[in-house]
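Each chain is listed here by its residues.
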Amino acid sequence: MREQGDMTIYYVNSATGANTNAGTSEDVPFASFSAVESLKLKPGDSVLLAAGSVFNDQLDLKYSGTVDAPITIGSYGIGDAPVIHSPNDGIHSLYASNIVIENIAISDTSGAAIYAGYVSNWTVRNVEVDHTGLSKSGSITFRTGSNITIENSTINDVNGDGIWIEKINGVTLLNNTVTNAHGTAADAVQLNDSKNIVISGNTFDQTGAVTPKGVLTLVRPVDAMIEGNTIIGGGFGISAQAGTNVAIHDNDISGYGGYSWSYAIGLGDQGDTRNYDISGNYIHDGVWGVSVSAAGTTTYVRDGIDIYGNLFDDLTQAALKVDRPASGSFHDNFIASDVTPYSISPSIIAAGTFPVSDNTTIEEGGVTLASADSLAATDASINLVSDTGLTSHDGLKLSADKTASDKAGAQHDDPVGENGVSDGTLLLRHFGQAAFEKHGPTLGNGDHGVTIEAADLVGPENGSGIFHQEIAAQPFHHSQADAPTVSILQDGMLH
């Protein structure tokens, strides 16, 4: 028997085990979950499933660990991850807390892969979920509790929401991949009435889903950070319709559509909306960009919505839609010339509650951002001169909502940049492709320009640019008569 203090490791092997065994070594493993469920698991105990094993039953977890000594369900041995099939849920638990589920696979279940209610301190890591919810929709579901972490896991080809979380205080989703959650009510991820949320580094892709609703839905979130995710497909990208203190940063959102109202980021439809920071996102190949809207004439509060430093490209509708009473601002964004900058109701324009200022229009003449698929890591600084009096160069021209001199005097309450001036440094990041974030003061010597520091971006030809089309380098200093320049500063050398 292998013990660590009072902590016991139990082994389960569907091929070689027997439920009459002690189950406490690899030589005498259990055969099925019924033997495990007959145990009274204690804090720190582990139940390890043999690699290559297949279990055709539901695992019920009835006992709790402690914060310092959780109960762990994992795997042992060399080979494919052990797989749970089930005519019900794969893993089912009520009122059991301090649980770790790791290094296993769950597939072809009639119910959810994992269903847990009234629980706290669960971690799901490195779990593969495939083809679940065959009779009753579900994949990974948590209802009522606190401190749920799902990380480094994959969810694919499920019926219903890929992840469903409801009434949880403390939700962390890190570096997961969710693809193809099927159904007219299905999203890759849906969180209801939860708070203290971090969703970071994930890929949510609904392009292959059958009749999906959307990708990421947060209903009435409080204190949420959605950062650095790649979000593709669905009827919408991120729906955060009613919430408080929501930050949506540096995400790559694309491929959404199917409806006249489809949006990359939508808010204002299901309750009061307060304090949203929407910045650094790359929003492209969709319908609307950011939509502050609602069905009907609701009287919800929509207050403190700051939208800045985003890049909008290849949208069939406007980058910004505001058609219900709201207060906020739309500033210092980059908008492709073929995208309508904004659609704001005349009454809101007259009230002056949602000003638009200091956005830059990118005139594209065959010049496109390089896909991150062709990019390698580099540190580069690209200086895009944005004086409206300048002429185009090789099909690239930047114009602005205001003149550069107007912009130089503009001040904004910018939580990222030091002084908020619109002639600022923009940090290029890519999550699948490229996103922009307003960052700080400009470089250069009197140029009316915008400096962009590129991280993790290179050009496909020579590793020193971000455009498919090569643009001849120009001197760093120029006269007012010079054409716009694209200069690359890499490893201290100007190219």
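Rules behind the numbers
- Residues numbered from 1 in each chain as written.
- Predicted model: local features only at pLDDT ≥ 70, side-chain atom pairs only at ≥ 80, totals over all residues.
- Heavy atoms only, no water.
- Patch = residues over 30% accessible without salt bridge, like charges linked within 9 Å, V, L, I, M, F, W, Y side chains within 5 Å.
- Areas by Shrake-Rupley, 256 points an atom, 1.4 Å probe, with all protein chains shown as cover.
- Salt bridge = Lys/Arg side-chain N within 4 Å of Asp/Glu carboxyl O.
- Lys, Arg positive; Asp, Glu negative; His and termini not counted.
- Charge placed at Lys NZ, Arg CZ, Asp CG, Glu CD.
- Helix = DSSP H or I, 4+ residues; strand = E, 2+ residues; numbered from the N terminus.
- Buried < 20%, exposed > 50% of the residue type's maximum accessible area, 1.4 Å probe, protein only.
- Pairing = 2+ DSSP bridges.
- Contact = heavy atoms within 4.5 Å.
- pLDDT = per-residue confidence, 0-100.
- Phe/Tyr/Trp six-rings, centres within 6.5 Å; stacked < 30°, edge-to-face > 60°.
- Lys NZ or Arg CZ within 6 Å of the ring centre and 35° of its normal.
- Core = buried A, V, L, I, M, F, W, Y, C linked by side-chain atoms within 4.5 Å.

Some points on a negative patch on the surface
Taken together, the side chains of Asp80, Asp108, Glu128 and Asp130 define an acidic patch exposed on the protein surface. In this structure, Asp108 sits in strand S10 (residues 105-109).

A word on the pairing of strand S3 (residues 46-50)
Burial within S3 is extensive, with five of its five residues counted as buried. By the alternation rule, side chains of S3 split into Ser46, Leu48 and Ala50 and Val47 and Leu49, which are all buried. With four bridges connecting them, strand S2 (residues 7-12) and S3 associate as parallel partners. Bridging across to S3, Tyr10 finds its partner in Val47. With five bridges connecting them, S3 and strand S6 (residues 71-76) associate as parallel partners. Across the sheet, residue Leu49 finds its bridge partner in S6, namely Ser75.

Details of the environment of Leu267
With respect to the helices and strands, the residue Leu267 is situated in strand S26 (residues 263-267). Residue Leu267 is classed as buried on the basis of its relative accessible area, which comes to 1%. Considered as a pair, Leu267 and Ile305 are 38 residues apart in the sequence and their alpha carbons are 9.6 Å apart. With residues up to four places along the chain from it excluded, the contact list for Leu267 reads Ala240, Gln241, Thr273, Tyr276, Ile278, Val290, Ser291, Val292, Ser293 and Ile305.

Some details on the confidence of the model for the protein chain
Mean pLDDT over the protein chain: 79, with 72% of residues reaching 70 or higher. Low confidence marks residues 366-495, where pLDDT is under 50. Its contacts with residues over four positions away, or in another chain, come to 307 contacts.

Some remarks on the pattern of salt bridges
Applying the stated criterion across every chain, the model contains nine salt bridges. Between Arg143 and Glu166 there is a salt bridge; the shortest N-O distance is 2.7 Å. Linking Arg143 in strand S13 (residues 140-151) with Glu166 in strand S15 (residues 163-174), this pair joins segments that are 23 residues apart in sequence. Its relative accessible area of 19% is what places Glu166 among the buried residues. A salt bridge links Asp323 to Lys321; the shortest N-O distance between them is 3.8 Å. Residue classification places Asp323 among the partly exposed positions, given a relative accessible area of 23%. One continuous salt-bridge network, built from bridges that share partners, spans Glu102, Arg125 and Glu151.

What about the packing of aromatic side chains?
Summed over the entire model, instances satisfying the criterion amount to ten aromatic pairs. Ring centres of Tyr95 and Tyr118 lie 5.1 Å apart, and the angle between their planes is 15°; this geometry places the pair in the stacked category. With Tyr95 in the loop between strand S8 (91-94) and strand S9 (99-102) and Tyr118 in strand S11 (residues 114-125), this pair connects stretches of sequence that are 23 residues apart. Here the aromatic residues Phe236, Tyr259, Trp261 and Tyr263 are joined through ring pairs into a cluster of three or more. The aromatic ring of Trp288 is capped on one face by Lys321, whose charged end is 4.7 Å from the ring centroid.

Some details on the side chain of Glu102
Relative to the elements of secondary structure, Glu102 occurs in strand S9. Excluding its chain neighbours within four sequence positions, the residues that come into contact with Glu102 are Thr72, Ile73, Gly74, Ser75, Arg125, Asn126 and Val127.

Some remarks on unusual backbone geometry
The backbone of Asn126 shows a phi angle near 50°, a positive value even though the residue is not glycine. Looking at the secondary structure, you find Asn126 in the loop between S11 and strand S12 (128-130). One non-glycine residue, Lys167, lies in positive phi territory at about 55°. Topologically, Lys167 is positioned in strand S15.

Some details on the nonpolar core
One finds Ile101, Trp122, Phe142 and Ile265 to be the most contacted residues of the largest nonpolar core, which totals 88 residues. Judged by nonpolar contacts, the second largest core, of five residues, contains Ile9, Leu48, Ala50 and Tyr76.

Considerations on the environment of Pro43
Within the secondary structure, Pro43 sits in the loop between helix H1 (33-37) and S3. The class of Pro43 is partly exposed, set by a relative accessible area of 34%. Residues Pro43 and Ile71, spaced 28 residues apart in sequence, show a C-alpha to C-alpha distance of 5.6 Å. Ignoring sequence-local partners within four residues, the contact set of Pro43 consists of Met7, Ser64, Gly65, Thr66, Ala69 and Ile71.

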